[in-house]
Amino acid sequence: MTSATDVKGEFIAALSSAAGDNSFVKLTLGKFRGEGSTRKAVVTLVLIKDKPHLKLVTSYSRKDETKTFAIDQGVQFIADLIGTDYMSATLFTNVRDVRLDYSRKGVPHLSAGKPTMPSAAPQAHDRQKAYLVPADRPYLKALEVADRDGRIKPTMQGKYRQICRFIEIAADLISECAFEKSAPITVVDIGSGKGYLTFAFYDYVTTTLQRPCRMTGIELRSDLVTLCNNLARDLKFDGLKFVAEAAAQTDAPADIVIALHACDTATDDAMAFGINSGARLILSAPCCQHEIAPQIKDTGEGLKGLIKYPLLKQRQADLVTDAARALLLEASGYKVRLIEFVSTEHTSKNILIAAVTSATVDRSAALQQFRALQNTIGFSTHHLASQLKDAE
Ligand SMILES: C[S@@+](CC[C@H](N)C(=O)[O-])C[C@H]1O[C@@H](n2cnc3c(N)ncnc32)[C@H](O)[C@@H]1O
């Protein structure tokens, strides 16, 4: 017959191996029988200084308490709570769910079943992203990306993946920039919308990197600005504010400028603002583009076959718009990378232009390439060029 210690040991072994083999999703502890007021607890994985840790959040009626442990210490801490303070524990992994329940007489019973949270358990590559943006962050609940239990809503999986991917890319670039540790990092998000990426970015810098941050979301729609300012206040995100104004009007300080799917030439306004205010990092995913397509008329004979079909002409114009932006950023002293941001399954607007200041980039070569592109494609005005002294 299996003893109570063996049953619990089997559950703890399952927890330990899931935490070490990339299959762990979360652990919940319930049926509180310990001393003091009733509570429940949820354990998730987080990255601290690039190392996985277990984060235990204990929820009391009026407050939450968070403790973070290295994996082995966390497993030991949880093992001590099970069967003493909590009489039920459920381990969610991406291969199975395992449940340990104690009867009234204290007899443990172990059961296992199919995984009920497989999507929240990303595999190898995605896993890194989930560490950077844990699904149970309060802003994800408030913005209705996650439900009350910190699970990503089925309809918001695409948005969550976009947020994770964005933070993953931003994390690498922020570390490349090696910002001074003593001063707050200043960030401006142009066209911040409902603030999904703004809150995620601010949370990443302040909570994960533990760096002071002053961030401003710039958004035309005052209803969204009010919503986001209320949420920033409720979450005590004291360095984050939102302002109702147009991209071209902003003068907030900016070490970093981000602009995700800011409409049409608002992307150019964001880039111009970043360049002209000396931002070290500019991260932008362009949205709809209407400026270049109507200008493409006098292209050479060789390209006529490409632009005679309206759909292809628009696609060509989109690529030209972004190539011109990348070249103008290089001409302004930035090293530029174009990255596929999210899968084309979710949106065709999936190019992210990442620009980091560089002393070695060949600025005049980039400007010449911009001029050659203008001549070959046959466009005369570009909204970003018109805002840069050297490119006019
Ligand atoms: C497609 S939404 C993207 C929102 C957010 N960046 C995201 O990715 O979730 C674009 C937002 O940009 C705002 N916007 C468009 N043009 C703008 C401008 N010139 N200045 C400031 N905001 C602008 C729109 O009101 C809209 O909320």
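Computed from a predicted model, the values in this text were never measured in an experiment. (Residues numbered from 1 in each chain as written. Predicted model: local features only at pLDDT ≥ 70, side-chain atom pairs only at ≥ 80, totals over all residues. Heavy atoms only, no water.)

Its location among the elements puts R39 in the loop between β1 (24–32) and β2 (40–48). Buried within the structure, R39 lacks any salt-bridge partner; D85 is the closest side chain of opposite charge, at an N-O distance of 5.3 Å. There is a polar contact of 2.9 Å between the side chain of R39 and the backbone oxygen of E35. Looking at R39, its side chain comes within polar contact range of the main-chain oxygen of S37, at 3.0 Å. (Helix = DSSP H or I, 4+ residues; strand = E, 2+ residues; numbered from the N terminus. Buried < 20%, exposed > 50% of the residue type's maximum accessible area, 1.4 Å probe, protein only. Lys, Arg positive; Asp, Glu negative; His and termini not counted. Salt bridge = Lys/Arg side-chain N within 4 Å of Asp/Glu carboxyl O. Polar contact = N/O pair within 3.5 Å; in protein donor to acceptor, adjacent residues only side chain to side chain.)

Right, let's talk about the domain arrangement of the protein for a bit. Domain annotation for the protein reports domain 1 (4–118) and domain 2 (126–391). Relative placement of domain 1 and domain 2: their C-alpha centres are 39 Å apart. The interface of domain 1 with domain 2 comprises ten residues on the first partner and ten residues on the second. Taking both sides of the interface into account, the surface hidden between domain 1 and domain 2 amounts to around 870 Å²; carbon and sulfur atoms contribute 52%. Inspection of the domain 1/domain 2 interface yields one salt bridge. Among the ionic pairs, K55 bridges to D136, the shortest N-O distance being 3.9 Å. Linking domain 1 to domain 2 there are one residue pair in polar contact (both at pLDDT 80 or more). Of all elements in the fold, only β1, β2 and β3 (51–59) reach the threshold of two or more residues within the side of domain 1 that touches domain 2. It is β2 that provides the largest number of residues to the side of domain 1 that touches domain 2, a total of four residues. Among the residues forming the side of domain 1 that touches domain 2, the class breakdown is six nonpolar, two polar and two charged. (Domains from an automatic or database assignment. Contact = heavy atoms within 4.5 Å. Buried area = accessible area lost by both parts, 1.4 Å probe. Nonpolar A, V, L, I, M, F, W, Y, C, P; charged D, E, K, R; others polar.)

This part covers the environment of Q157. Looking at where Q157 falls in the secondary structure, it is placed in helix α5 (residues 157–177). Counting along the chain gives 147 residues from Q157 to K304, while the straight-line C-alpha distance between them is 41 Å.

Another aspect to go through is the site of the ligand. The environment of the ligand is made up of 15 residues, and the closest members are G191, E219, A247, L260 and H261. Between the ligand and the protein, one listed contact pairs a nitrogen atom with a backbone N or O atom of G191 at 2.8 Å. E219 has a polar side-chain atom sitting 2.6 Å from an oxygen atom of the ligand. Considered on its own, the ligand offers 600 Å² of accessible surface; in the complex 80% of this is hidden by protein. Tallied by class, the residues present in the shell around the ligand amount to eight nonpolar, four polar and three charged. (Near = heavy atom within 4 Å. Areas by Shrake-Rupley, 256 points an atom, 1.4 Å probe, with all protein chains shown as cover.)

Moving on to the sheet that holds strand β9 (residues 213–219). The strand order across the open sheet formed by seven strands is β10-β9-β8-β11-β12-β14-β13, and the pairing between neighbours is mixed. Each edge of the open sheet carries a strand with a single partner, namely β10 (240–244) and β13 (334–340). Strand-to-strand, the axes of this sheet are offset by a mean angle of 15°, without reference to chain direction. One ladder, built from four bridges, connects strand β12 (residues 281–285) with strand β14 (residues 351–357); its direction is antiparallel. When the sheet's bridge partners are listed, L281 is paired in β14 with V356. Running over the sheet, helix α6 (residues 196–208) touches β8 (185–190), β9, β10 and β11 (256–260) and is turned about 175° from β9. Lying over the sheet, helix α10 (residues 310–331) contacts β12, β13 and β14, oriented at roughly 150° with respect to β13. (Pairing = 2+ DSSP bridges. Axes fitted to C-alpha atoms, helices over the stretch in contact; angles between N-to-C directions.)

Buried residues of helix α2 (residues 71–81): I71, G74, V75, I78, A79 and L81, and no others. Along the axis of α2, the buried residues cluster in a sector spanning 160°; they form a single face. Seen from the buried face of α2, the exposed residues on the opposite side, beyond 90 degrees, are D72 and Q73. Packing partners of the buried residues in α2 comprise α1 (4–20), β1, β2, β3, β4 (64–70) and β5 (86–93). A positive backbone phi angle near 85° is found at G83, which sits one or two residues after α2. (Arc of directions from axis to C-beta.)

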